[in-house]
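# Reading the structure
Read off the chains here:
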Amino acid sequence: MAVPHFHLQTFGELRLVDSGGVVVACPERGLLILAYLSISGQRTVSREKLSMLIWPEREKSVAFKNLRSTLWRMRHLAANSGPLTSATEIDVTLGEIACDAAGFEALGSSEEAFRAGLSLWRDTFLAGADVPPGRYADWVGEQRSVFTQKLRAALLAGGERLADRSMLRTACMHLLELDPADTAVRAILERLTGVGLVIGKGSPDGAWLRQGAFAGESPRAPARDAITPPVAPAPRVALLPPAAFGSDPMLHAVSMAVVEDITIGLCALRSMSVVAPYTAERIRDAADKAAFLEKHAVTYALDCRMSDQGLFTQLIFLPSDAIVWAERFSISPVGLLQQRQEIAFQVASAVAEQVETGRIGHLDYVTNPDAYYAYLAGLRNLSNVGLPEIRRARRDFKTALRHKPDFAPALSGIARTYAIEWVLTARGDQELLTVAERHAKEAIESDEELPGAHREFGVVRLYQGDLDGSLAALDRAENLSPHYADVLYSHADTLVHASRPREALDKLGKALSLNPLAPDMYFWSAAGASYFLEEYEDAIGYVQKMKDKSPGDRLLAASWAMLGDQKKARSYKVKALRANPTFDVDKWLAVVPMKEQWQKDLYREGLKRAGF
């Protein structure tokens, strides 16, 4: 056989490379033809079959024409290095092309071959290609299953004899991500890691995590008389690895190891599907939670963050963006191994329990996915505080209610949009607060344990001038979810209005540590607290951190005026009045709630100095 002049890469990015390592500018549909001819076992295929595989949505004559044009382009691309294909009027034959999928034929021959095959498989066959619908897409799905079975067979046939235990654990976790009920792969993982099972009657499959180092302990199981909801697909859990922190690589390495330990432990359970670490790394920083949820079908995310106080972990129920559990663990150089085992066991036990007790919520999401997707889209719009974004968010929340009329998170979200609009318009429109209050109450009636509902009720009470009622509602929200960053922010904002700006900044610091990629409202509130502490440069700095700085223009004008820079103060006054020409200092201060007169006097002084 002649030496191949080309190498076809089909896993991950689909591309063709010549013998010199240069990528060939082959059309994607041509690459899909080469992939089919290389892997299907049919090096020669009829033109009719190929054309209808690659262009199923076209008329037969058009599909034939497209195939002819594509083959012509491919022939001219490779004219100097040998043909990619040869063709007659009836069929098409593959040229001398090597393909990366050949690596799956020798998976069990050596450790290096297994590692190479695993690396390919993790990139997924034709993952980056625009695969034609219909029979070609079905074939791609079949091939992915074939490659998975080859990897699994190589692992079961003798993978445990390989020296690289980390690689074997990775392979097991990936396979269990696809099939949590694979007892043979689970048994290999248990032997590799020392993780076993203990029977607990509260679990749907009778299995609860056991960590070998803690044989004398058992995680708390749900109550035996709990109502069992109808069967739903097993929830998927992604354990997102912590980002690097500070200058101590040891602490980061330990935190990464803890997350791997937790993942391995949870892989022992059949009540959930655990996203393998490699996958979790790729989806960690997804900005669009709705797209993230829809694409990867991940129900829970365990977010891990390293800080000066240690490893902070929080379990987020992604469909409603709700924190259902959180804990902080100290990590010190002394006794690292024992700490790692203890933390992994405690977190894995808590995650297992929360997933089990949250089955009803998971079933509700599975039953009403469109409501949750619309709700998350609304949250994305609320990350900015401009009026257009606020009103778009309101439309999203109303869409969620059309799918699920009693959906408490969406009712709570609508209340938030009206309260924010009241602040942004600065007209003292009581109707906005009345509507916000009604929706907040409806959210509480629908789900009295929802922290966000009590939070929004507290915010409305603040703007209605009932500071004590606001603090009571926000205390309730914080007690329900002590690590909910948005609740901490709203609580802090009320403290600003209650003439307690130092306490507010402390609470905002906690909120920002939990949510470093915070929405603009956090920084806006911190700017206000700094202003009332007469720390004007800090106030300016917080506004500058906002993505959309326009809501902070009045505060910037007042801060620059108090610092004596009249030129900057006047420029921000002009910007603020351009956005809201009817703004009147005295009318606004007459309706904005502040507990002590000195706050109003200080804010009035800054605004008047700026020229309002």
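My aim in this report is to walk through the structure given alongside it, one point at a time. (Residues numbered from 1 in each chain as written. Predicted model: local features only at pLDDT ≥ 70, side-chain atom pairs only at ≥ 80, totals over all residues. Heavy atoms only, no water.)

### Some thoughts on unusual backbone geometry
The backbone phi angle of Asp321 is positive, close to 55 degrees, even though this residue is not glycine. Note on placement: Asp321 falls in the loop between strand S13 (310-317) and strand S14 (322-329). With a phi close to 55 degrees, Ala426 is a non-glycine residue in the positive phi region. Positionally, Ala426 belongs in the loop between helix H15 (408-425) and helix H16 (430-446). Residue class for Ala426 comes out buried when judged on its relative accessible area of 10%. (Helix = DSSP H or I, 4+ residues; strand = E, 2+ residues; numbered from the N terminus. Buried < 20%, exposed > 50% of the residue type's maximum accessible area, 1.4 Å probe, protein only.)

### Things to note about the sheet that holds strand S4 (residues 44-46)
Strands sit in the order S4-S6-S5 across an open sheet of three strands; the sheet is antiparallel. A single partner strand is all that each edge strand has here, and the edge strands are S4 and strand S5 (85-87). Neighbouring strand axes in the sheet, compared pairwise and without regard to direction, differ in orientation by 20 degrees on average. Inspection of the sheet shows S4 paired to strand S6 (residues 91-94) by three bridges, in the antiparallel sense. Note on S6: the bridge partner recorded for Ser46 is Asp91. Sheet contacts for helix H1 (residues 28-39): S4, S5 and S6; angle to S6, the most-contacted strand, approximately 75 degrees. The strands touched by helix H2 (residues 47-54) within the sheet are S4, S5 and S6, with S4 carrying the most contacts at an inclination of about 80 degrees. (Pairing = 2+ DSSP bridges. Axes fitted to C-alpha atoms, helices over the stretch in contact; angles between N-to-C directions. Contact = heavy atoms within 4.5 Å.)

### Some details on the sheet that holds strand S7 (residues 97-99)
Backbone-to-backbone hydrogen bonds join strands into a sheet, with any given pair of strands oriented parallel or antiparallel. Strand order in the open sheet formed by four strands is S3-S2-S1-S7, with mixed pairing between adjacent strands. Pairing within the sheet leaves two strands with one partner each, and these edge strands are strand S3 (23-24) and S7. Across two bridges, the pairing between strand S2 (residues 15-18) and S3 is antiparallel. In the strand pairing of S3, Leu16 is matched with Val24.

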